[in-house]
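Given next are the chains, with one letter for each unit.
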Amino acid sequence: MRRLLGILLTAVVCLGWAQVSAHADSQWQITRYDMQMVAQRDGSIDVTLEFDFDFGRERGHGPLLVLPTRMEVTDDPDRWRVLEISDIEAHSPTGAPARVHQERGSGVLELRIGDENRYVRDLHTYVVTFTVDGVVNPDVNGDHDEIAWNAIAGFELPISNATVTLEGPDEVLRAECVAGERGSTTPCTDERISDNRVTWSQDRVATGDGMTVV
């Protein structure tokens, strides 16, 4: 667990697109973070991320999510893990602009959600869905598949009330969750397993900290 935090899948919310540095002291925060993951038998994972973004009285265009598309394999610098991200959609039940602007960089995919010509304030809910391939480690030790996922890592905002749920096509044999700074081994606040479904929760994730589930 110690080496997982911060090296597999990272999602980063920045402060209002290009205004990151101007809002270094912003009071913006995420007051609810709910990630639902459904692993399919073909190895793909359908992800639904719903979160409440509190802009307060400071206006912003919307969240920026940064997802990696290529990552170095631990202990094997000559190999890279390639993640394929597809079927990306977003909407806002509270009426905030939620158009998705995609931009691919070196090993990452940026998702700018909102409208560059409109600002929003106060509390807004965003729902982002996508499918990712390349996360599952198949046939580990010849008897099980493994999913290790950085559900939260490197966010530039504090997060409260975080919940991560993973549902698979077969029974959950083992589950773990850690939260805190990179390299942390501190267990998450709560973990519940039922057949092929496991749910983790964390009361608070400080700015820059992470939450990794396996």
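Here's what I pulled together on the structure shown here.

Section: the pairing of strand β3 (residues 45-54)
Item 1. Pairing of strand β2 (residues 29-39) with β3 involves 10 bridges; the strand directions are antiparallel. Paired with Asp34 across the two strands is Glu50, which belongs to β3.
Item 2. What sits between β2 and β3 in their antiparallel hairpin is a turn of 5 residues, with Gly43 showing a positive phi close to 95 degrees.
Item 3. Pairing between β3 and strand β10 (residues 123-133): 10 bridges, direction antiparallel. Pairing of Leu49 across the sheet is with Val128, part of β10.

Focus on the pattern of salt bridges
Pairs can form between side chains of opposite charge once their charged atoms are near each other.
Item 1. Taken as a whole, this structure holds 8 salt bridges when the rule is applied.
Item 2. Put simply, Arg174 and Glu176 hold a salt bridge, and the shortest N to O gap is 2.5 Å.
Item 3. Between Arg192 and Asp190 there is a salt bridge, with the nearest N and O atoms lying 2.9 Å from each other.
Item 4. Residues joined in a network through salt bridges with shared partners are Arg32, Glu50 and Asp52.

What counts and how
Residues numbered from 1 in each chain as written. Predicted model: local features only at pLDDT ≥ 70, side-chain atom pairs only at ≥ 80, totals over all residues. Heavy atoms only, no water. Pairing = 2+ DSSP bridges. Helix = DSSP H or I, 4+ residues; strand = E, 2+ residues; numbered from the N terminus. Salt bridge = Lys/Arg side-chain N within 4 Å of Asp/Glu carboxyl O.

Functional significance is not addressed by these values, which are geometric in nature.
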